[in-house]
Amino acid sequence: MSTEEKSAAPRSLAEALRVRDDVSLAALLRSRPDLITPVPTDLTQLATRAGTRASVVRALERLDRFTLQTAEALAVAPDPASYGELLALMGGDAEDPAVAAALPRAAALLREQALVWGADDRLRLVRTARELLAPSPQHPSPTGLGPTVREATAGMSPGRIQEILGAVGLTSTHDSVSAVSALGALFADRRRMAALLAGLPEESREVLDRLVWGPPYGQVTHDPAAHLRALLDRGLLLPTAPGTVVLPREVALHLRAGRAHRAPEPVPPPVEAAATHRPQVVDATAAGQALAALATVDELLKEWDEGGPTVLRAGGLSVRDLKRTAVALDVPEPVAAFWVELAYGAGLIASDGEAEERYAATPAYDEWRELPPAERWARLAGTWLTATRTPGVVGGRDAKDRTLSALGPNLDRSAAPEVRHRVLALLAGLPEGASPVEESLLARLRWERPLRGPQREQRDHREPGKARDDDLRSRIARWTLSEAELLGVTGRGALAAPGRALIGAPEAPRPAAQEETGEPAGPGDKLPVHHHRTPPVAAHPTPAERAAATATAARLLAPLFPEPLDHVLLQADLTAVAPGPLERELADVLGVLADVESKGGATVYRFTPGSVRRALDAGRSAADLHAFLARHSRTPVPQPLTYLIDDVARRHGRLRVGAASAYVRCDDDATLDEILADKRAAGLGLRRLAPTVLAAQADPAALLDGLRAIGFAPAAESAAGDVLIARADSHRTPPRAAPEPVPDGPPAPDDTLLAAAIRAVRAGDLASTTPRKPGPGSGEDGGGGGAPGGTLPRTGAAETLATMQAAVLTGETLWIGYVNAEGAASQRVIAPIRVEGGFVTAYDHTADEVRTYPLHRITGVAELADDAG
């Protein structure tokens, strides 16, 4: 490198950022949005923020496995290291061509994210990243390497170092520094090192083999065996503490054939296709699941219409209430938790906020029910895709060992939306109609984010590539696959067309067999392993893009839904069969008049005295019910059903219950005599007030339930004597907003914010780095206007005004300090245009526009040096 090139090379990360163009800076800020929260004042502050521990940890956690391995190799390489040295550490002596092909991309990514800076001949890992990834006794390196010879011998006596030199055949030196350098050079020399190892006993080489891939530390006694003594004498094992020895990095690299990692992974593992189905079958299956999802959410909300379970003191559902909900929905408890959380996330249920707080439907539920089915599904699917609340953790334990309950606190997992989106994107990369091999999909996710989540993946150096599958991202991915199937985003494990549109993915690629013959593969056919490129899917879509994707998904799903039916098939065994989805009005009335006996492609309803009484309580008369069934049945109304309705209606309302504490009245005093004589009514505290009136100690609701349990069919009445109608939508919460997702750090900035941030940082950097002329009072005391970079200039009001006026006449550019109305100080470079009325109008290079500033807010002014660029 020439002298000019050396002088031009950046000496710090700030200088490296300073020579980047706007496109490169935008890529940095987009990948690390925490760097502009808030916007830094200049590039020096940006570089400082990029080197903070929290920001570096976050950036490292978002690297793919090979890029992270590259950073780990740089952490054990010389500082600075050349690209050739890095390639040797990654590819080893054998020069793996896959590593050589992938390394430029990894190095460019590290440089783009400001984790590495410098030219290819002087690559430097930022200091914080090196501290995090470099090996130490407290924090072993993921590479399994130990300290260098220089680091391991830092506390060793000079005499002992000279003894090691003699044992390995090196000439004794006059000082320890040159002795350590000579020993390190020997261990790094492949030929001489091979000769040294060849002279060792077999047992000694076995010890080295056990330490070579890490951990590099071992224990020895005060009187080690001969084969260990041979290693200690030659410096192949160096003591680090009493009874502890370490394998020096140079020795390990020789034994590893130069590789920093046992198994570099330059290529992402492919997502394998397990089986394929006809796309029409996938879409039809997904549409059926989507209809079932809408029915399940409807059933849940109807179950809670008149007030659902009580809210626990700490928030959420009790275990007992979750079990009851699961029984009502006829699903396992984890699935019930999913539906409850989905309805809550969509804003359809919430707590009512009353003294005895309960969960109930919200007004948004009534609006949601008015939407077409496809739009209702799209709202649920869009909520699921972006929600951070994770039903899969329900039943687990939080940090304080408390049980996590459905609808309770601490269910947010900020990684969930990203994992769900990525899982669906990987499914979109498979041929159309293909379902994935689950383990291959999980392996791909682990490669893309090996350190993501609270449970960092632990790799076993003895079994490369093996990873724990209980980390949070893997569990969320498994939940995503099952939840997507429940919701109808996938069908038979393959991504359906509406699900593809939901994430903004393009049309799916087709397998070669289908392209050539046009015939779909069989359901059990194995597809080839695809080293595919996942279709481009926006990782962080804007709200407008999400809304457009949701609308497209609804549009694609609508034709897949069957037309709602306006009829049922009545049968003589007091059941009705709905051979498909019913029109909403028909489904609502039938849901009150009959109980659901079985669900599926056809829903079976059963009529019972209790269900008929429920319809009468809702304000229907017997004539209404007869007319309704005759109108909507494709078969004649069976005689047993007609008799059932007439019988229940004949007895319904003969008794009237109102509030006294409560009372019963009936025109037939014989019926009241029968009630008084019934021992089962003793607990109601009844007594006769008049021949047709009984008073009760129980409240009206308990009295109604008690009389119905005995076998009567009373009706509730108001204080005016009118029959009260119990409607299904009688209880709603006040308007409630749906829970907001808890983001995983700052949101990704949009292009407008990026452009403004880069312009502000550039201008602030110009203001802080532009040379200034010394002020009139400048001297050794530093009291002049030309303040050093990073501090605001200070001048008096008269001098500031005079300098501004002179700059208007000469067209000079000035450097000013400015304090805004909020008290925030900044430096700016301006070209004054006009000074009048206590204000200066100038072209502000910081904002790249003309602005007006009050003179009293300008702390000082300094002229720029003549050679300022």
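What you are looking at is a predicted structure, and each value in this text was computed from that prediction instead of being measured.

Caption draft 1: Focus on the environment of Pro40. Within the secondary structure, Pro40 sits in the loop between helix 3 (22–31) and helix 4 (43–50). In sequence terms Pro40 and Val761 are 721 residues apart; their C-alpha atoms lie 6.4 Å from each other. Look past the residues within four positions of Pro40 in its chain and what remains in contact with it is Leu35, Gln45, Leu46, Arg49 and Val761.

Caption draft 2: Summary view of helix 21 (residues 373–386). The end-to-end C-alpha distance of helix 21, which contains 14 residues, comes to 20 Å, matching closely the 20 Å that a straight helix rising 1.5 Å per residue would cover. With 10 of its 14 residues buried, helix 21 lies for the most part within the structure. Looking only at helix 21, the buried set comprises Ala374, Arg376, Trp377, Ala378, Leu380, Ala381, Gly382, Thr383, Trp384 and Leu385.

Caption draft 3: How the structure looks around the sheet that holds strand 22 (residues 825–836). Strand order in the open sheet made by the five strands is 24-23-22-21-25, with antiparallel pairing throughout. Each end of this open sheet is capped by a strand with a single partner; those strands are strand 24 (849–854) and strand 25 (858–863). Put simply, the sheet's adjacent strands are angled 45° from each other on average, direction ignored. As paired elements, strand 21 (residues 814–819) and strand 22 share six bridges and run antiparallel to each other. Pairing of Val819 across the sheet is with Ala825, part of strand 22. Sitting on the sheet, helix 35 (residues 797–810) is in contact with strand 21, strand 22, strand 23 (839–844) and strand 25, with an inclination near 60° to strand 22.

Caption draft 4: The side chain of Thr325, seen in detail. Position of Thr325 among the secondary structure elements: in helix 18 (residues 319–329). The contact partners of Thr325, leaving out residues within four places of it in the chain, are Leu300, Trp304 and Val340.

Caption draft 5: Representation of the packing of aromatic side chains. Counting across every chain of the model gives four aromatic pairs. One residue, Arg376, lies across the ring of Trp368, its end atom 5.2 Å from the ring centre.

Caption draft 6: A look at the pairing of strand 4 (residues 238–241). When strand 4 meets strand 5 (residues 244–246), the two strands line up antiparallel, connected through three bridges. The residue bridging Leu238 from the neighbouring strand is Val246, located in strand 5. Connecting strand 4 to the antiparallel partner strand 5 that follows it, the hairpin turn spans two residues, and Gly243 within it adopts a positive phi of roughly 85°.

Caption draft 7: Highlighting the pattern of salt bridges. Enumeration over the complete set of coordinates arrives at 40 salt bridges. Close ionic contact of Arg376 with Asp298 constitutes a salt bridge, the shortest N to O distance being 3.5 Å. Of this pair, Arg376 sits in helix 21 while Asp298 sits in helix 17 (residues 279–303), placing them 78 residues apart in sequence. Given the relative accessible area of 10%, Arg376 is considered buried. Between Glu717 and Arg665 there is a salt bridge, with its nearest N and O atoms 2.9 Å apart. Taken together, the residues Glu717 in the loop between strand 20 (715–716) and helix 34 (751–769) and Arg665 in strand 17 (residues 662–665) connect sequence positions 52 residues apart. For Glu717, a relative accessible area of 5% translates into the label buried. Relative accessible area serves as the criterion here: at 29%, Arg665 is assigned to the partly exposed category. Through salt bridges that share partners, Asp298, Lys302, Arg369, Glu370, Arg376, Arg584 and Asp588 make up one connected network.

Criteria and thresholds
Residues numbered from 1 in each chain as written. Predicted model: local features only at pLDDT ≥ 70, side-chain atom pairs only at ≥ 80, totals over all residues. Heavy atoms only, no water. Helix = DSSP H or I, 4+ residues; strand = E, 2+ residues; numbered from the N terminus. Contact = heavy atoms within 4.5 Å. Expected span 1.5 Å × (residues − 1). Buried < 20%, exposed > 50% of the residue type's maximum accessible area, 1.4 Å probe, protein only. Pairing = 2+ DSSP bridges. Axes fitted to C-alpha atoms, helices over the stretch in contact; angles between N-to-C directions. Phe/Tyr/Trp six-rings, centres within 6.5 Å; stacked < 30°, edge-to-face > 60°. Lys NZ or Arg CZ within 6 Å of the ring centre and 35° of its normal. Salt bridge = Lys/Arg side-chain N within 4 Å of Asp/Glu carboxyl O.

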